[in-house]
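# Coordinates in review
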Amino acid sequence: MAYDERLARFRQAHLNPFNKAPEQQEHPDGGTPAPARRPDPSPGDPEGALDLGLAEDHFSRPVGLILASDVQQLCQAIEECKRAILALPEHSERQKDAVVRLIHLRLKLQELKDPGEDEPNIRVVLEHRFYKEKSKSVKQTCDKCSTIIWGLIQTWYTCTGCYYRCHSKCLPLVSKPCVRAKVSHQAEYQLSICPESGLDSQDYRCAECRAPVSLRGVPSEARQCDYTGLYYCSSCHWNDLAVVPARAIHNWDFEPRKVSRCSMRYLALMVSRPVLKLREINPLLFNYVEELVEIRKLRQDILLMKPYFITCKEAMEARLLLQLQDRQHFVENDEMYSLQDLIDIEAGRLSCSLTEIHTLFAKHIKLDCERCQAKGFVCELCKEGDVLFPFDSHTSVCTDCSAVFHRYGTHTGDGRFPPGPPMWHRGGTGHTHTHGRHGVRWGDPTLSRPRRDCYYDNSTTCPKCARLSLRKQSLFQDSGTEAEP
């Protein structure tokens, strides 16, 4: 402010040359000459209409001149400018100029309170990594003081980890560590539904800032977070709504509940993380939610398709697995779910999108790619029928040797046919036709019975495993006989 003070003293010590009249007259008594008064221009005078602003007193002290060097003097100048605006005629040019000067005074006051140009672009506070925002037109709300951030005149920062926003002046007052650190070190949910313990356990204080709270609203209203069960003040709890994971898992309830700001940021960071193992948390959920069973079957099929794509050059060039880049855990296991997965299942979006991807993958393996077609299987029991793939709906897979079988049985021997699609053996010239969505070939009684029952489940002995075990035994016996003298 030394420059402003020197400029003010210079302005007070020197006269404005533009205020001098072009001609001066001397008094008859020989006194000092007095400047001649210029007559007022008439409305029709062109010289009066052509005003270049040379007659304006640019160096005189206007109303509300910024000569103050501290906040107190600026506040006095602002009050003086306000009084001048009220005293001037309404809608006049002088009043408009005074309003502009008032705006500049307030901007100057804000710069003194919140200096932004000399501050660093990066600030680290309690594991928060704050970056100075460049936007000047976005209106945000400070997470610390709960007031509006005016980007045009205020400097504000945003944490790149948890998106915590605050004024530059509020940075030293931040007392809550970054939620991103908690997500990185301990990524798990609170799976108890609203575990309330009471205000007395919190000493009637906010769980975050420790401000006094009460249910009566004196001195501050106590607001409960449905996720943590704790009570917060109105500055730390803005009645934000979010889906609570415990209610979704135990009750299949996705109605948004009121949560605190800290819980809101934590849930937003955790919503896409696959940390929910439903089979362990609530295995009965699959008995009541049919969509979960469908999604689990589709995920199991995709895991069976994954080896085909990894060894297929065309699939790698087409990057088919990137269809699931937003849900990478779907190509890693079939047990882990994220909260976003459950939300999409409830809304019906996940089933549609995953069915389309499943159809695209199956089309590549069974129709488009000859290499993938060549990796199909023949039923180890009946040795007949079309080429089988592990992800077909009418097949079963041995968990030990990965052999593929028909899942459904054939003729039962008592004149009845099982509901599944059997693979028939043609033993005559009888007429056959296709029936059902699985392409089941039903024949007339002149057709011979199937050679063998190709039904396979977990209780059936796998013939391939039996052959492999016999081969191992024979190899051991041969090596033992060669070792004998």
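Bear in mind the structure is a predicted one, so any value in this text is a computation, not a measurement. (Residues numbered from 1 in each chain as written. Predicted model: local features only at pLDDT ≥ 70, side-chain atom pairs only at ≥ 80, totals over all residues. Heavy atoms only, no water.)

### Here we look at the overall build of the protein chain
How we decide: Helix and strand labels come from DSSP, where a helix needs a run of H or I of at least four residues and a strand needs a run of E of at least two; each type is numbered from the N terminus. Only protein chains enter the area calculation, which uses a 1.4 Å probe; residues under 20% of their type maximum are buried, those over 50% are exposed, and those in between are partly exposed. Residue contacts follow a heavy-atom distance rule, with two residues in contact if any of their heavy atoms lie within 4.5 Å. Residue burial considers only the protein chains on display, and all accessible areas are found by Shrake-Rupley using a 1.4 Å probe.
Scanning the protein chain from N- to C-terminus turns up 15 helices and 18 strands. For the protein chain, with 485 residues in total, the buried portion stands at 36%. Here the contacts in the protein chain between residues at least 6 apart in sequence split such that 58% fall between residues at least 24 apart. Element-wise, carbon and sulfur atoms account for 52% of the exposed surface of the protein chain, whose accessible area totals about 30,200 Å².

### Some words on the pattern of salt bridges
To keep things clear, this is the line we draw: Whenever a carboxyl oxygen of Asp or Glu lies within 4 Å of a side-chain nitrogen of Lys or Arg, that contact is scored as a salt bridge.
This model, assessed by the stated rule, comprises 19 salt bridges. Across the pair Arg257 and Glu255 runs a salt bridge, and its minimum N-O distance is 3.8 Å. By relative accessible area, which is 21% here, Arg257 ends up partly exposed. According to the relative accessible area criterion, Glu255 is partly exposed, its value standing at 47%. Lys277 serves as the salt-bridge partner of Glu280, at 3.2 Å between the closest nitrogen and oxygen. Under the relative-accessibility criterion, Lys277 is labelled partly exposed at 26%.

### Topic: the sheet that holds strand β8 (residues 165-167)
As a reminder of what qualifies: Between any two strands, pairing holds if DSSP finds at least two bridges. Here, axes are lines fitted to C-alpha atoms. For helices the fit covers the stretch in contact, and angles between N-to-C directions go from 0 to 180 degrees.
Spatially, four strands are ordered β3-β4-β7-β8 in an open sheet, and the strand pairing comes out antiparallel. Of all strands in the sheet, those with a lone pairing partner are β3 (122-125) and β8, marking the two edges. Across the sheet, the axes of successive neighbouring strands diverge by a mean angle of 30°, strand direction being ignored. Sheet analysis places strand β4 (residues 128-132) next to strand β7 (residues 156-159), joined by three bridges and oriented antiparallel. Paired with Tyr131 across the strands is Thr158, a residue of β7.

### Digging into the environment of Gln340
For Gln340, the position within the fold is in helix α12 (residues 339-347). In the structure, Gln340 is positioned 69 residues away from Val271 in sequence and 5.5 Å away in space, judged by C-alpha atoms.

### So, unusual backbone geometry
Phi is positive for Tyr163, which is not a glycine, with a value near 60°. Mapped onto the secondary structure, Tyr163 falls in the loop between β7 and β8. With relative accessibility at 48%, the residue Tyr163 sits in the partly exposed group.

### Let's talk about the packing of aromatic side chains
We apply this condition: For this analysis, a ring pair means two rings from Phe, Tyr or Trp (six-membered ring only for Trp) whose centres lie within 6.5 Å, classed as stacked if their planes differ by under 30 degrees, edge-to-face if by over 60, and tilted for the remaining angles.
Within the structure shown, the criterion is met by seven aromatic pairs. Ring plane angle 90° and centroid distance 4.9 Å describe the contact between Trp252 and Phe254, whose orientation is recorded as edge-to-face. With 6.2 Å between their ring centres and 80° between their planes, Tyr308 and Phe391 make a pair best called edge-to-face. Note that Tyr308 is positioned in helix α10 (residues 290-310) and Phe391 in the loop between α14 (370-373) and β15 (395-397), a separation of 83 residues in sequence. Each member of the pair, Tyr308 as well as Phe391, is classed as buried.

### As for the nonpolar core
The condition that has to hold: For this analysis, a nonpolar core means a set of buried residues of the types Ala, Val, Leu, Ile, Met, Phe, Trp, Tyr and Cys, connected via side-chain atoms within 4.5 Å.
Leu278, Leu292 and Leu342 are the most contacted members of the largest nonpolar core, which totals 74 residues. When residues in this core are grouped by element, the largest group, seven residues, is from α10. The contact partners of Leu278, leaving out residues within four places of it in the chain, are Ile249, Pro283, Leu285, Phe286, Leu292, Glu335, Tyr337 and Leu342.

### Some thoughts on helix α7 (residues 261-270)
Of all 10 residues that make up α7, eight are buried, and the element is covered over most of its length. Of the positions making up α7, those classed as buried are Arg261, Cys262, Ser263, Arg265, Tyr266, Leu267, Leu269 and Met270.

### Describing a nonpolar patch on the surface
This is how the line gets drawn: Like charges are joined within 9 Å and nonpolar side chains (Val, Leu, Ile, Met, Phe, Trp, Tyr) within 5 Å, but only among residues with over 30% relative accessible area and no salt bridge; these make up the patches.
A cluster of nonpolar residues, Ile148, Trp150, Leu152 and Ile153, forms a patch on the protein surface that exposes about 400 Å² of accessible area. As for its position among the elements, Ile148 is in strand β6 (residues 148-150).

### Re a negative patch on the surface
Applicable threshold: The sign given to each residue is positive for Lys and Arg and negative for Asp and Glu; His and the chain ends receive no count. To locate a charge, the coordinates of NZ of Lys, CZ of Arg, CG of Asp or CD of Glu are taken.
Residues Glu290, Glu291, Glu294 and Glu346 make up a contiguous surface patch of negative charge. With respect to the helices and strands, the residue Glu291 is situated in helix α10. Relative accessible area serves as the criterion here: at 39%, Glu291 is assigned to the partly exposed category.

### Observations concerning the pairing of β4
Alternating positions in β4 separate cleanly, His128, Phe130 and Lys132 being buried on one face and Arg129 and Tyr131 remaining unburied on the opposite face. Across four bridges, β3 lies against β4 in antiparallel orientation. Among the inter-strand pairings, Val124 is bridged to a residue of β4, identified as Arg129. The turn linking β3 back onto β4 is made up of two residues, and Leu126 within it adopts a positive phi angle of 50°.

### Digging into the packing of α10 against helix α13 (residues 349-368)
Inclusion rule: Every angle not falling under 35 degrees, over 145, or within 65 to 115 is termed oblique; those three ranges are roughly parallel, roughly antiparallel and roughly perpendicular. Put simply, a crossing is left-handed when the front helix is turned counterclockwise from the back one by less than a right angle, and right-handed when it is turned clockwise. Here the nonpolar group is Ala, Val, Leu, Ile, Met, Phe, Trp, Tyr, Cys and Pro; Asp, Glu, Lys and Arg are the charged ones; every other residue, Gly included, is treated as polar.
The geometry of α10 relative to α13 is characterised by a closest axis approach of 10 Å and an angle of 30° between their N-to-C directions. Overall, the two elements α10 and α13 adopt an arrangement that is roughly parallel. The chirality of how α10 crosses α13 is left-handed. Taking contact as the criterion, the partners of Glu294, Ile295, Leu298, Arg299, Asp301, Ile302, Met305, Tyr308 and Phe309 in α10 are, on α13, Leu350, Ser351, Leu354, Thr355, His358, Phe361, Ala362, His364 and Ile365. Taken together, the residues of the contact of α10 with α13 break down into 11 nonpolar, four polar and three charged.

### Let's talk about α12
Within the sequence span of α12, burial applies to Leu339, Asp341, Leu342, Asp344 and Ile345. Each element contacted by the buried residues of α12 is listed here: α6 (245-251), β13 (276-277), α8 (278-281), α10, β14 (336-337) and α13. One or two positions beyond α12, positive phi appears at Gly348, with a value near 85°.

### What about the side chain of His167?
For clarity, the threshold we go by: By the criterion applied in these results, polar contacts are pairs of N or O atoms within 3.5 Å in which, for protein atoms, one can donate a hydrogen and the other can accept it, and in which residues neighboring in sequence qualify only through two side-chain atoms.
Among the structural elements, His167 can be located in strand β8. Note on His167: relative accessible area 1%, which makes it buried. Among the polar contacts made by the side chain of His167, one reaches the main-chain carbonyl oxygen of Ile148 at a distance of 3.3 Å. With sequence-adjacent residues up to four places away left out, His167 is seen in contact with Cys142, Cys145, Thr147, Ile148, Ile149, Gln154, Thr155 and Trp156.

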